[in-house]
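Residue-level structure breakdown
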Amino acid sequence: MTTVSLMTPTPQFANDLADVVRIFWGNAAFLVNETGGGVTVRHTESAQNGLRACRMEMTGGYAGAMENVRPVSDDPLLEKRYHKRQIKQALYGVMKQVTGENPPWGSLTGIRPTRLVYEAMSRGLSLAEAEKEVGEIFDVRADKARLLSEIVEVQSSLPPPGRRDVDLYVGIPFCVSRCAYCSFLSGEVGRGKQLPPYVDALETEMAGVMHLIAEKGLRPRAFYMGGGTPTSLTAAMLGRVLTAARPFLDRAAEVTVEAGRPDTIDADKLRVIRDHGAGRISINPQTAHDETLALIGRKHTVAQTEEAYALARKMGFSHINMDLIAGLPGENLEMFLKTLAWSRALAPESLTVHTLSIKRSSLLHLWEAELPDGTMVSRMVDEGRREAQARGMRPYYLYRQKHMAGNLENVGYALPGRACLYNVDMMEETGNVLAVGAGAISKRVNPLIGRIERAPNVSEIGHYIQRADEMLERKRALWSFDAF
Ligand code: SF4
């Protein structure tokens, strides 16, 4: 592992600079303003005559230097943003020199690159101009910049959330086993002892939320039940939770329930989900290879996925989302192509192509697994995009994570008219969310101060069960100011 000594007059940006180095050297370690690293990056800067100059120089096994100059902004907030961007780009230039690599997303390290396109458009640029600007400023590859503008185009065709609109999220943090790549806080169902009190707590919190919605005159927009695996609950439990949400479901424009793991699906559960108005479910195979499923701890088979799709279709579900992962342990391009071809026959209406990331809280990290070759995963992701396009789907949301293979992205594709409003609201953070369940985070777009305020629920399941009333109070406080 490379250790980098970062000598900088702006240690407040040390994490941002470390992120830039990790685009190229994924597992690099950092010493900030301390000598002793195998590689040293010296950052110096000066400001005069309204201009700020920044220089980065790398020594110690690698030699490279980059300097850039820009006008200082009068707006302190903008100045901070441009300053950070300037030093990141100088270091990015050095890293390109010393490695000879051209990362697909250039110097971008944030998780939502579409924001940059929206920001450029808010300054009066057309979509094409915004795409070009993002590509040029951040050195984003042309196909990725094009992907961003396609997504913004699809999102712009969707109804935007109004000030009174609210999404409702229900979190079920239980799974039948833990996937090796998972970093979510989800408990294993085990003997199911926690499920009944958890559902009791959800009912309590949900009743309060329904009251809050009525009291504040909020308009239901999208409902999303996720996790974890909601279908870890029994059919009766699912029915209780969905019944508690009924006043919302009856008025919502979209209702999604993640069925997630094919081994948790049966006709009774699907019937309950369907009869409560869910038009969209997710059944996620991740791969079409049983040996990979065994390796990553998903205790189901490819055949079970096929059966779950057949059952859901038979029961009338006309929108099924499918998640796939590019770069799973032991998989090569040929295997991923086989997964894509196999998924064609199941004909999901929307398809999310994830790139494997190894988060610190995952089993893969614990096992010291390494990320697969970035070039191979990049081809997988490109093939996923080609496949989605061939099926008539368009990309409609995208996000990036740290520690992703090849520094790539996760993209949601959907057939025309099938883009999920909730996913877009979450990714672009444009709408209000009331969220119930352990670890769920409610958000309110506060038009008075122009930013998002949050009310998180406690994450630990036992604490949540004890404190559901308090979680409700947090939401009431979030909605206590009168913004309308
Ligand atoms: S099904 Fe989803 S939430 Fe559950 S362990 Fe696997 S990745 Fe994590």
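A quick note: this is a predicted structure, and the numbers were derived from the prediction, not measured. Along each chain, residues carry numbers from 1 onward, in the same order as the chain's sequence is written. A pLDDT threshold of at least 70 governs which residues receive local features in this predicted model, and a stricter bar of 80 or more applies before side-chain atom pairs are shown or counted, although totals over entire chains, interfaces and linings include all residues. Side-chain figures throughout are based on the complete set of non-hydrogen atoms in the structure, without hydrogens or water.

1. What about the overall build of the protein chain?
The following threshold applies: Every helix listed is a DSSP run of H or I at least four residues long, and every strand listed is a run of E at least two residues long, numbered separately from the N terminus. A radius of gyration in this sense is built from C-alpha atoms; the matching globule rule multiplies 2.2 Å by the number of residues raised to 0.38. Whether a residue is buried, partly exposed or exposed follows from its accessible area with a 1.4 Å probe, protein chains only, as a fraction of its type maximum: under 20%, in between, or over 50%, in that order. In this analysis, two residues are considered to be in contact whenever any of their non-hydrogen atoms come within 4.5 Å of each other. Accessible surface area values rest on a Shrake-Rupley calculation with a 1.4 Å probe, where residue burial reflects the displayed protein chains alone.
Broken down by element type, the protein chain carries 17 helices and 18 strands. In terms of overall size, the protein chain behaves like a compact globule, its C-alpha atoms giving a radius of gyration of 24 Å where 484 residues would be expected to give roughly 23 Å. Overall, the C-alpha framework of the protein chain stretches about 65 × 55 × 45 Å when taken along its three principal axes. Within the protein chain, the proportion of its 484 residues that are buried is 55%. Of the contacts formed within the protein chain by residues at least 6 apart in sequence, a portion of 72% connects residues at least 24 apart. Only carbon and sulfur atoms are counted for the fraction: they give 52% of the accessible area of the protein chain, which is about 20600 Å².

2. A look at the domain arrangement of the protein chain
The cut-off we apply is this: Either an automatic procedure or a domain database provided the assignment from which the domain bounds are taken. Take the accessible area each of two parts loses on contact, using a 1.4 Å probe, and add the two losses: that sum is the buried area. Any Lys or Arg side-chain nitrogen located within 4 Å of an Asp or Glu carboxyl oxygen qualifies as a salt bridge. Pairs of N or O atoms within 3.5 Å make up the polar contacts considered here, provided that, within protein, one atom can donate a hydrogen while the other can accept it, and that residues adjacent in sequence are counted only when both atoms are side-chain atoms.
Split by domain assignment, the protein chain resolves into domain 1 (1-101), domain 2 (103-157) and domain 3 (165-436). The partner domain 3 presents 22 residues to the 22 residues of domain 2 that form the contact. Between domain 2 and domain 3, the buried area comes to about 1800 Å², and carbon and sulfur atoms account for 46% of it. Counting the contacts that link domain 2 with domain 3 gives six salt bridges. For the salt bridge of arginine 112 with glutamate 429, the shortest nitrogen-to-oxygen distance reads 3.7 Å. The interface formed by domain 2 and domain 3 contains 11 residue pairs in polar contact (both at pLDDT 80 or more). Those elements that provide at least two residues to the side of domain 2 that touches domain 3 are helix 3 (114-122) and helix 5 (142-156). No other element matches helix 5, which puts 10 residues into the side of domain 2 that touches domain 3.

3. A short note on the site of the ligand
This is how the line gets drawn: The cutoff for a nearby residue is simple: one of its non-hydrogen atoms must lie within 4 Å of the molecule or strand. For this scheme, ten residues count as nonpolar: Ala, Val, Leu, Ile, Met, Phe, Trp, Tyr, Cys and Pro. Four count as charged, namely Asp, Glu, Lys and Arg, and the remainder, Gly too, count as polar.
The local shell around the ligand consists of Cys175, Ser177, Arg178, Cys179, Tyr181, Cys182, Phe184, Gly228, Thr229, Arg261 and Arg298. Of the residues that constitute the shell around the ligand, the class distribution is five nonpolar, three polar and three charged.

4. Side note on unusual backbone geometry
Leaving glycine out, the prevailing phi sign among residues is negative, and the prevailing peptide bond configuration is trans. With an omega of 15°, the peptide bond between glycine 227 and glycine 228 qualifies as cis. Here glycine 228 is to be found in the loop between strand 9 (219-227) and helix 7 (235-244). Notably, glutamate 368 is not glycine yet its phi reads approximately 60°, a positive angle. With respect to the helices and strands, the residue glutamate 368 is situated in the loop between helix 13 (363-366) and helix 14 (374-390). According to the relative accessible area criterion, glutamate 368 is exposed, its value standing at 68%.

5. Topic: the side chain of glutamate 254
Rules: Charged residues are defined narrowly, with Lys and Arg counted positive, Asp and Glu counted negative, and His plus the chain ends left uncounted.
Assignment of secondary structure puts glutamate 254 in strand 10 (residues 254-260). Among buried Asp, Glu, Lys and Arg side chains, glutamate 254 stands out as unpaired, with arginine 280 the closest opposite charge at 5.8 Å. Separated by 2.7 Å, the side chain of glutamate 254 and the backbone nitrogen of leucine 421 make a polar contact. Not counting chain neighbours up to four residues away, the residues in contact with glutamate 254 comprise Arg221, Ala222, Phe223, Ala419, Cys420, Leu421 and Tyr422.

6. Remarks on helix 9 (residues 267-275)
Heads up, the rule is: The arc refers to the directions leading from the helix axis to the C-beta atoms.
The set of residues buried in helix 9 consists of Lys269, Leu270, Val272 and Ile273. Taken around the axis of helix 9, the buried residues stretch over an arc of 160°, which confines them to a single face. Tucked into the core, helix 9 has its buried residues touching helix 7, strand 10, strand 11 (280-283) and helix 11 (302-314). You can read the cap of helix 9 off the contacts: a side-chain oxygen lies 3.1 Å from the backbone nitrogen of aspartate 268, and it is on aspartate 266.

7. Some words on the packing of aromatic side chains
Counted only if it meets this: For Phe, Tyr and Trp, where Trp contributes only its six-membered ring, two rings pair if their centres lie within 6.5 Å, and the inter-plane angle classes them as stacked under 30 degrees, edge-to-face over 60, or tilted in between.
Applying the stated criterion across every chain yields a total of 10 aromatic pairs. Both rings, one in tyrosine 397 and one in tyrosine 399, keep their centres 6.4 Å apart while their planes meet at 5°; by these two values the pair is stacked. Judged by its relative accessible area of 6%, tyrosine 397 falls in the buried class. Under the relative-accessibility criterion, tyrosine 399 is labelled buried at 18%.

8. Quick notes on the nonpolar core
Spelled out, the test is: Side-chain atoms within 4.5 Å link the members of a nonpolar core, which is a set of buried Ala, Val, Leu, Ile, Met, Phe, Trp, Tyr and Cys residues.
Counting 94 residues, the largest nonpolar core has Phe223 and Met225 as the members making the most contacts within it. With 10 residues, helix 6 (residues 195-216) is the largest single contributor of residues to this core. Residues lining this core come from more than one domain, with at least three contributed by each of domain 2 (103-157) and domain 3 (165-436). Non-local contacts of phenylalanine 223, meaning those with residues more than four positions away in its chain, are made with Leu168, Val170, Leu242, Ala245, Phe248, Leu249, Glu254, Val255, Thr256 and Val257. Counting residues in each nonpolar core, the second largest holds 25 residues, with Val20, Ala28, Val41 and Met95 among its members.

9. Some details on the environment of methionine 404
Its location among the elements puts methionine 404 in the loop between strand 14 (394-399) and strand 15 (410-414). As for methionine 404 and glycine 26, which are separated by 378 residues in sequence, their C-alpha atoms are 8.8 Å apart. Sequence-distant contacts of methionine 404, defined by excluding residues within four places in its chain, comprise Thr355, Leu356, Ser357, Leu371, Glu409 and Asn410.

10. Remarks on the sheet that holds strand 5 (residues 64-71)
Sheet strands associate in pairs through backbone hydrogen bonding, adopting either a parallel or an antiparallel arrangement. As a reminder, the rule being used: Two strands are counted as paired when DSSP detects at least two bridges linking them. Here an axis means a line fitted to C-alpha atoms, over the contact stretch when the element is a helix, while the angle between two N-to-C directions is reported on a 0 to 180 degree scale.
Ordered by their spatial adjacency, five strands build an open sheet running 2-1-3-4-5, and the pairing between neighbours is mixed. If you trace the sheet from one side to the other, it starts and ends with strand 2 (29-32) and strand 5, each paired once. The average undirected angle you get between the axes of adjacent strands in this sheet is 20°. Examined bridge by bridge, strand 1 (residues 3-7) and strand 2 share four bridges and lie parallel to one another. Its bridge partner being in strand 2, threonine 3 is matched across the sheet by alanine 29. Helix 1 (residues 14-24) rests against strand 1, strand 2 and strand 4 (51-59) of the sheet, and its axis sits at about 145° to strand 2. Sheet contacts for helix 2 (residues 76-99): strand 3 (39-48), strand 4 and strand 5; angle to strand 5, the most-contacted strand, approximately 155°.

11. Some thoughts on helix 3
By the burial criterion, the buried members of helix 3 are Thr114, Leu116, Val117 and Ala120. What you see down the axis of helix 3 is that its buried residues fit within an arc of 160°, all on one side. Buried-residue contacts for helix 3 involve helix 2, helix 4 (127-138), helix 5 and helix 15 (421-428).

12. Some thoughts on the environment of alanine 63
Relative to the helices and strands, alanine 63 resides in the loop between strand 4 and strand 5. Considered as a pair, alanine 63 and threonine 40 are 23 residues apart in the sequence and their alpha carbons are 9.6 Å apart. Residue contacts for alanine 63: discarding those within four places in its chain leaves Met58 and Val98.

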